[in-house]
Each structure stands twice: as structure tokens, then as C-alpha cells.
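Survey of secondary and tertiary structure
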Amino acid sequence: VQLQASGGGLVQAGGSLRVSCAASGRTFSRYGMGWFRQVPGKEREFVATISGSGGATYYADSVKGRFTISRDNAKNTVYLQMNSLKPEDTAVYYCAGKYLAVTTLREAVDYWGQGTLVTVSS
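Residues numbered from 1 in each chain as written. Predicted model: local features only at pLDDT ≥ 70, side-chain atom pairs only at ≥ 80, totals over all residues. Heavy atoms only, no water.

Let's shift gears to the packing of aromatic side chains. Applying the stated criterion across every chain, the model contains five aromatic pairs. Judged by centre distance (6.0 Å) and plane angle (65°), the rings of Tyr31 and Tyr111 are edge-to-face. Placement of the pair is Tyr31 in strand S4 (residues 31-38) and Tyr111 in strand S10 (residues 111-112), with a sequence separation of 80 residues. For Tyr31, a relative accessible area of 8% puts it in the buried group. Aromatic rings pair up to connect Phe36, Phe46, Tyr94 and Trp112 into one cluster. When the ring centre of Tyr94 is taken as origin, the NZ or CZ atom of Arg44, which lies over that ring, is 3.6 Å away. The ring of Phe28 has Arg71 lying over it, and the distance from NZ or CZ to the ring centre is 4.3 Å. (Phe/Tyr/Trp six-rings, centres within 6.5 Å; stacked < 30°, edge-to-face > 60°. Helix = DSSP H or I, 4+ residues; strand = E, 2+ residues; numbered from the N terminus. Buried < 20%, exposed > 50% of the residue type's maximum accessible area, 1.4 Å probe, protein only. Lys NZ or Arg CZ within 6 Å of the ring centre and 35° of its normal.)

Shown next as C-alpha cells:
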């Protein structure tokens, strides 16, 4: 599976942004998909994940209520809608895939996308 993230950019604090991740292959619905983020000098951290059917979602406490993960299996795409953005949300956002499961652990991810930079100005 190849993952291609897009949609990052510069946004003011309080604003919104949606990042997307397009996957190759015909078995997209078998993968739990997620988003992690990383800032220089820090470890990559979990943001959100969604089950293959889209019926289950999980969020980091830091983004709960502000971010929404969703997927369109017909388009092989997972989205992360980010609202009420804060400067501390600034990071490179990576999409992640795990076969037949979801995970909040970066060590358990099977596939990574290349990352897209989100910058939130104060």
C-alpha cells in the first residue's frame, strides 16, 4: 500500500484545515487508517485513527472535539478535518495504515505516507 498525503498549509489560530491521504491498491477497506504528527526534536505522536469500515474512531485527548477523522472507501482516501487550530498543532502530519486493525502506536503501523506540513500561526 502506498499512501500520499496532501492538504497541509498555513492557517491562523482558530482556523480550519483538512488534510487528505490517498491510498493505492484495492484492499483499502481492510486497513485501519490513522494520522500521526511530528515536530522536530520530538517523537511522532498519535492523533486519530479510524477502522476499515469507518465505524470506529479514536482520538488523542489533545485533539478530541476539534479534529474529525473520516474515510471514503470508494475513493481510497482518509481525511482529517482540523478545526479550532492552535499553534501547538503545528507539525508534519503523517497518514498511517495498519492491516485489519487500528492502532495508536507508531511502532505498530504497517505503512506510512510521506507527511504534509501544517503550520498554525498565532
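The residue Arg66 is located in the loop between strand S6 (57-59) and strand S7 (67-72) in this model. You can call Arg66 buried: its relative accessible area is 11%. Aside from chain neighbours lying at most four places away, what touches Arg66 is Gln81, Met82, Asn83, Ser84, Leu85, Lys86 and Asp89. (Contact = heavy atoms within 4.5 Å.)

Tallying each qualifying case throughout the model produces one disulfide. Each disulfide pairs two cysteine sulfurs, and for Cys21 the partner residue is Cys95, the sulfurs being separated by 2.1 Å. Torsion about the S-S bond of the Cys21 and Cys95 cystine: about 50°, corresponding to right-handed handedness. Linking Cys21 in strand S3 (residues 17-23) with Cys95 in strand S9 (residues 91-99), this pair joins segments that are 74 residues apart in sequence. Taken as a pair, Cys21 and Cys95 share a single burial class, namely buried. (Disulfide = S-S within 2.5 Å.)

A few words on the sheet that holds strand S8 (residues 77-82). Across the sheet, which stays open at both edges, the four strands sit in the order S1-S3-S8-S7 with antiparallel pairing between neighbours. Each end of this open sheet is capped by a strand with a single partner; those strands are strand S1 (3-6) and S7. Pairwise comparison of adjacent strand axes, ignoring direction, gives a mean angle of 15° for this sheet. As paired elements, S1 and S3 share four bridges and run antiparallel to each other. Residue pairing across strands places Gln4 opposite Ala22, the latter belonging to S3. (Pairing = 2+ DSSP bridges. Axes fitted to C-alpha atoms, helices over the stretch in contact; angles between N-to-C directions.)

Moving on, we come to the pairing of strand S5 (residues 45-50). With five of six residues buried, S5 is to be regarded as a mostly interior element. Inspection of the sheet shows S4 paired to S5 by five bridges, in the antiparallel sense. Bridge assignment links Phe36 to a residue of S5, and that residue is Phe46. Linking S4 to S5, which pair antiparallel, is a turn of six residues; within it Gly41 sits at a positive phi near 85°. The pairing of S5 with S6 spans three bridges and is classified as antiparallel. Looking at the pairing, Ala48 lines up with Tyr59 of S6. In this structure, the hairpin formed by S5 and S6 is closed by a connection of six residues, where Gly54 is found at a positive phi of approximately 85°.

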